[in-house]
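Chain residues, written in single-letter form:
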Amino acid sequence: MNVSENYRNAWESYWSQTADGRGEAIWDADPSLTAAPHSELLLPHADTGRTIVDLGCGNGTQTRYLATRFARAVGVDLSHAAVEHARRAANGDPVEFRQLDLTDTDAVRALHQRLGDSHVYMRAVIHQSEPAARPAVAAAVAELIGTEGRAFVVELTSGSREVLRRAAAEPGGPGPKLQRVFHHGLKPADAPDEEIPQLLAKAGLAVLDDGETTLPQTEHLRDGTRIDLPARWFVLARA
């Protein structure tokens, strides 16, 4: 299956109307808060000599950091506009970006054939995917890691919905970055908590390690508190 045209257009319009520059997207946190600590959780299980593929890379902030920890980093995103953002921001850094629909099984398989068994980094992709597409997204992780790669997957939990509700109910409404998420019809924290581990297991993935965390955002509440969204992380291998 492929994602719906509405879903594809929502992300294309979001990234087309997002300015270049670090932190313009609400989830574009500094790697010191995201990819760096996530790498420390993945590295005990992962061979740094392999390629790592950043699924849903957006403007590539985390991908560029991952390129400093692994032999090679490739960022992929559904949105052409996001990939163009990432290529501009790379500014000659040794990292590759390309457009990819994770529900396009043939395209995912072709990427695996080109890169070989790779590691995967996926931050907050399943939870906002269309329900019918989520099994294919989990299957893409399994396809790309093959038998030798490992994956780090982190997804928002239901607690994030309450944080977002509180942010949306602030006097004057949500901040401009969160407003843009809602304006483009994006749906954060849309998946039930129990769905994520079930999808991963059905895709043939085994959990090597997991835990609770938060995903820091680049927007704050009116009182100055940073919006940190509750999440759960998994380190995965093929079962």
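This text goes with the structure placed above it.
Residues numbered from 1 in each chain as written. Predicted model: local features only at pLDDT ≥ 70, side-chain atom pairs only at ≥ 80, totals over all residues. Heavy atoms only, no water.

In this structure, what is going on with the pairing of strand S2 (residues 72–77)? I would like to understand it.
Within a regular strand, the side chains alternate between the two sheet faces. By the criterion of burial, S2 is predominantly enclosed, with 5 of the 6 residues buried. When strand S1 (residues 51–55) meets S2, the two strands line up parallel, connected through 5 bridges. Counted as the bridge partner of leucine 55 is valine 76 from S2. Regarding the hand of the β-α-β motif, the stretch spanning S1, helix H3 (residues 61–66) and S2 is right-handed. With 4 bridges joining them, S2 and strand S3 (residues 96–99) adopt parallel strand pairing. Its bridge partner being in S3, valine 76 is matched across the sheet by arginine 98. (Buried < 20%, exposed > 50% of the residue type's maximum accessible area, 1.4 Å probe, protein only. Helix = DSSP H or I, 4+ residues; strand = E, 2+ residues; numbered from the N terminus. Pairing = 2+ DSSP bridges. Right-handed = clockwise from strand over helix to strand, strands pointing away.)

Looking at this structure, how should I read the environment of leucine 164?
On the secondary structure map, leucine 164 appears in helix H7 (residues 159–168). Residues leucine 164 and leucine 178, spaced 14 residues apart in sequence, show a C-alpha to C-alpha distance of 8.5 Å. Discounting residues that sit within four places of it in the chain, leucine 164 has contacts with Leu178, Pro188 and Leu229. (Contact = heavy atoms within 4.5 Å.)

Would you mind showing me how to read the pairing of strand S7 (residues 226–238) here?
Direction of pairing for strand S5 (residues 151–156) relative to S7: antiparallel, over a ladder of 6 bridges. Residue pairing in the sheet places valine 154 in a bridge with tryptophan 233 of S7. As defined by bridge partners, strand S6 (residues 205–220) adjoins S7 across 12 bridges and the pair is classed as antiparallel. In the strand pairing of S7, glycine 211 is matched with tryptophan 233.

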